[in-house]
Amino acid sequence: QVQLVESGGGLVQAGGSLRLSCKSSREIWKADSMAWYRQAPGRERELVASIQRTSRTTYTASATDRRFDISRVDPENTLYLQMSALKSDDTAVYYCKGTMGPFEYWGQGTQVTVSS
């Protein structure tokens, strides 16, 4: 069993920055991939960014306009999402997900609210 705990969300003004963290209870380098998703009120959960274990290849959704950066620090068992130039459209609950083989693990989410 893997537990993921997100932190770092909060209220920020438009144009500001936040760094989200996702702490894993197991060695994060063992995950096939790690990702950040978000869900805004009334909308479906969407992929924001992901990073692969072996290739370290990263992906960020076009909606982020290259304002977000995903990274992981294996010794800390932590996944990060650095967000800059935040917009009101970025307001959502952000979730961390880890995939290990056929299993998916989700965190409880952290709220990000961007005020205009």
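Preceding block: the structure.
Attention here is on the structure that accompanies the text.

Cut-offs used in this document
- Residues numbered from 1 in each chain as written.
- Predicted model: local features only at pLDDT ≥ 70, side-chain atom pairs only at ≥ 80, totals over all residues.
- Heavy atoms only, no water.
- Core = buried A, V, L, I, M, F, W, Y, C linked by side-chain atoms within 4.5 Å.
- Buried < 20%, exposed > 50% of the residue type's maximum accessible area, 1.4 Å probe, protein only.
- Helix = DSSP H or I, 4+ residues; strand = E, 2+ residues; numbered from the N terminus.
- Contact = heavy atoms within 4.5 Å.
- Polar contact = N/O pair within 3.5 Å; in protein donor to acceptor, adjacent residues only side chain to side chain.
- Pairing = 2+ DSSP bridges.
- Axes fitted to C-alpha atoms, helices over the stretch in contact; angles between N-to-C directions.
- Phe/Tyr/Trp six-rings, centres within 6.5 Å; stacked < 30°, edge-to-face > 60°.
- Lys NZ or Arg CZ within 6 Å of the ring centre and 35° of its normal.

### A word on the nonpolar core
Right, on to step 1. In this structure, Met34, Trp36, Leu79, Leu81, Met83 and Tyr94 are the most contacted members of the largest nonpolar core, which totals 27 residues.
Right, on to step 2. The set of elements that each furnish at least two residues to this core consists of strand S3 (18–24), strand S4 (33–39), strand S5 (46–52), strand S7 (68–73), strand S8 (78–83), strand S9 (92–100) and strand S11 (110–115).
Right, on to step 3. Sort the elements by how many residues they give to this core and S9 lands first, with 4 residues.
Right, on to step 4. Once residues lying within four places of it in the same chain are set aside, the contact partners of leucine 79 are Leu20, Ser21, Cys22, Ile28, Met34, Ala35, Trp36, Ile51, Ile70, Ser71, Arg72 and Cys96.

### Examining the environment of serine 84
Right, on to step 1. With respect to the helices and strands, serine 84 occurs in the loop between S8 and S9.
Right, on to step 2. The partly exposed category is assigned to serine 84, whose relative accessible area is 29%.
Right, on to step 3. Along the sequence, serine 84 and glutamate 46 sit 38 residues apart, while their C-alpha atoms lie 18 Å from each other.
Right, on to step 4. Not counting residues within four places of it along the chain, the set of residues in contact with serine 84 comprises Gly16, Ser17, Arg67 and Phe68.
Right, on to step 5. A distance of 2.9 Å separates a polar atom in the side chain of serine 84 from the backbone oxygen of arginine 67.

### Observations concerning the sheet that holds strand S1 (residues 4–7)
Right, on to step 1. Within the open sheet, the 4 strands sit side by side as S1-S3-S8-S7. Their pairing is antiparallel. If you trace the sheet from one side to the other, it starts and ends with S1 and S7, each paired once. Direction aside, the axes of adjacent strands within the sheet are offset by 15° on average.
Right, on to step 2. Two elements, S7 and S8, share 6 bridges in a ladder whose sense is antiparallel. Across the sheet, residue serine 71 finds its bridge partner in S8, namely tyrosine 80.

### Some points on the packing of aromatic side chains
Given two aromatic rings, one states the distance between the centres and the angle between the planes to describe the pair.
Right, on to step 1. Evaluated as defined, the whole model comprises 2 aromatic pairs.
Right, on to step 2. Pairing tyrosine 95 with tryptophan 106 gives two aromatic rings, centres 6.4 Å apart and planes at 80°, and the pair type is edge-to-face. Pair noted here: tyrosine 95 is in strand S9 and tryptophan 106 is in strand S10 (residues 103–106), with a separation of 11 residues, a long-range link.
Right, on to step 3. Following the ring pairs from residue to residue traces out a cluster consisting of Tyr37, Tyr95 and Trp106.
Right, on to step 4. It is arginine 45 that lies over the ring of tyrosine 95; its NZ or CZ is 3.7 Å from the centre.
Right, on to step 5. A cation over a ring is seen here: arginine 45 above tryptophan 106, with NZ or CZ 4.7 Å from the ring centre.

### As for the side chain of aspartate 74
Right, on to step 1. Inspection of the secondary structure puts aspartate 74 in the loop between S7 and S8.
Right, on to step 2. Residue aspartate 74 is classed as buried on the basis of its relative accessible area, which comes to 16%.
Right, on to step 3. Within the structure, aspartate 74 has its side chain in polar contact with the side chain of arginine 72 (distance 2.9 Å).

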